[in-house]
Amino acid sequence: MPDVATQRAKAELLRELHHEPPVLVLPNAWDVTSAVTFAALDGCRAIATTSSAIANAHGYPDGEHIPREEMLATVGRIAAAVELPVTADLEAGYGDAAWTAEAAIEAGAVGLNLEDALGPVEEHMTRIRVVRAVAEARGVPLVINARTDVFLRGDGNVDEAVRRGNAYLEAGADCVYPIMVTEAGAIERLAAEIHGPINVLQRPGVPGIAELEQLGVARVSVGSGLFRAALAHATDLARELLRA
């Protein structure tokens, strides 16, 4: 675990990157090799982890099936291997938001994703408040990226995503992540009506990064996209090898 002053400085830097141009583009890593590779690239200013890829790489399906200790151990190895700020995808908090926040800090992370799974708004607000309280007590102002699943599990109602996003910001989140939103008009509305930075998942069908920035998006991530692309490429190579 880094010293508190260093970790606090990284958290403050990560928060600042949400509020100044250019748009913060986060490659999502799943192990030390991917994190170190991405961190060495020009323009990489922070590293995000991907919970689904870490789980899959350890033999588990996505959705909090991986033991939380295994997830946080991987986050810790990644954070120790790079100098850049690391924000960790910690799913819905593994049933204990306080433990998860403490473990994230111990692992060296300075931010975390926390998803609502489209449950009651107040429940997720409570989780966010708990994480914020732990962060304040530890002196490491974790950057909370509050994910809402309105477009993933729900009907994609923009008003509902705005309502949830603003509630989560009120509870202490720093950024809102309406995962799986794709349409430019919806993204523009979310950026305008949510009273804080928003994160958009870059995937096929989503506007390009330059357009997302013009629409008001502050942060772009790719989830398990790079992991899946790497696996697909390796599969193609293996297939050719086996045909030789």
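Fair warning: this is a prediction, and the values are worked out from it, not measured in the lab. Sequence order as written defines residue numbering, which begins from 1 separately in each chain. Confidence filtering applies because this is a predicted model: local features only for residues at pLDDT of at least 70, side-chain atom pairs given and counted only at 80 or more, and all residues used for totals across whole chains, interfaces and linings. Hydrogens and water molecules were not included; the side-chain quantities draw on all heavy atoms of the structure.

Chemist: Sorry, what's going on with helix α8 (residues 184-193) here?
Modeler: Along an α-helix, residues three or four apart share an orientation, since each turn contains 3.6 residues. Burial classes: relative accessible area under 20% of the type maximum marks a residue as buried, over 50% as exposed, and values in between as partly exposed (1.4 Å probe, protein chains only). A run of H or I in DSSP becomes a helix once it reaches four residues, and a run of E becomes a strand once it reaches two; helices and strands are each numbered from the N terminus. All of the buried residues along α8 are A186, I187, L190 and A191. Buried residues in α8, looked at end-on, bunch into an arc of 135°, giving them a common side. Note on contacts: a residue pair qualifies if any of its non-hydrogen atoms lie within 4.5 Å across the two residues. Those residues of α8 that are buried are in contact with α7 (158-171), β7 (175-178), β8 (199-201) and α9 (209-214). Here α8 starts with a cap whose side-chain oxygen sits 2.9 Å from the backbone nitrogen of G185, and that cap is E183. The arc in question is the one traced by the directions running from the helix axis out to the C-beta atoms. Whenever a nitrogen or oxygen atom comes within 3.5 Å of another N or O atom, the pair is scored as a polar contact, on the condition that within protein one atom can donate a hydrogen and the other can accept it, and that pairs from neighbouring residues in sequence are kept only if both atoms are in side chains.

Chemist: Please explain the environment of S34 as it appears in this structure.
Modeler: Tracing the chain through its elements places S34 in helix α2 (residues 32-39). Note on S34: relative accessible area 5%, which makes it buried. The spacing of S34 and E123 is 89 residues in sequence and 34 Å in space, taken between C-alpha atoms. One polar contact links S34 to D31, side chain to side chain, over a distance of 2.8 Å.

Chemist: What's the story with the nonpolar core in this structure? I'm lost.
Modeler: In summary, soluble globular proteins display a tendency toward joint burial of nonpolar side chains. Within the largest apolar cluster, 65 residues are counted, with the highest numbers of intra-cluster contacts made by L90 and L190. Per element, the largest residue contribution to this core is 7 residues, and it comes from α7. Apart from residues no more than four positions distant in its own chain, L90 is found in contact with E64, M71, L72, V75, T100, A104, L112 and N113. Put simply, a nonpolar core is a bunch of buried Ala, Val, Leu, Ile, Met, Phe, Trp, Tyr and Cys residues held in one set by side-chain atoms that sit within 4.5 Å of each other.

Chemist: Which parts of the structure should I look at to understand the sheet that holds strand β5 (residues 111-115)?
Modeler: Through backbone hydrogen bonds, the strands of a sheet pair up, either in parallel or in antiparallel fashion. The pairing criterion for strands is at least two bridges between them, as found by DSSP. Pairing within the open sheet is parallel, and its 6 strands lie in the order β2-β3-β4-β5-β6-β7. The open sheet is flanked by β2 (28-29) and β7, the only strands paired with a single partner. Where strand β6 (residues 143-148) meets β7, 4 bridges bridge the pair, whose relative direction is parallel. Its bridge partner being in β7, N145 is matched across the sheet by C175. Against the sheet, α7 engages β6 and β7, with an angle of about 155° to β6. Helix axes are fitted only over the stretch in contact, all axes being lines through C-alpha atoms; the angle between N-to-C directions runs from 0 to 180 degrees.

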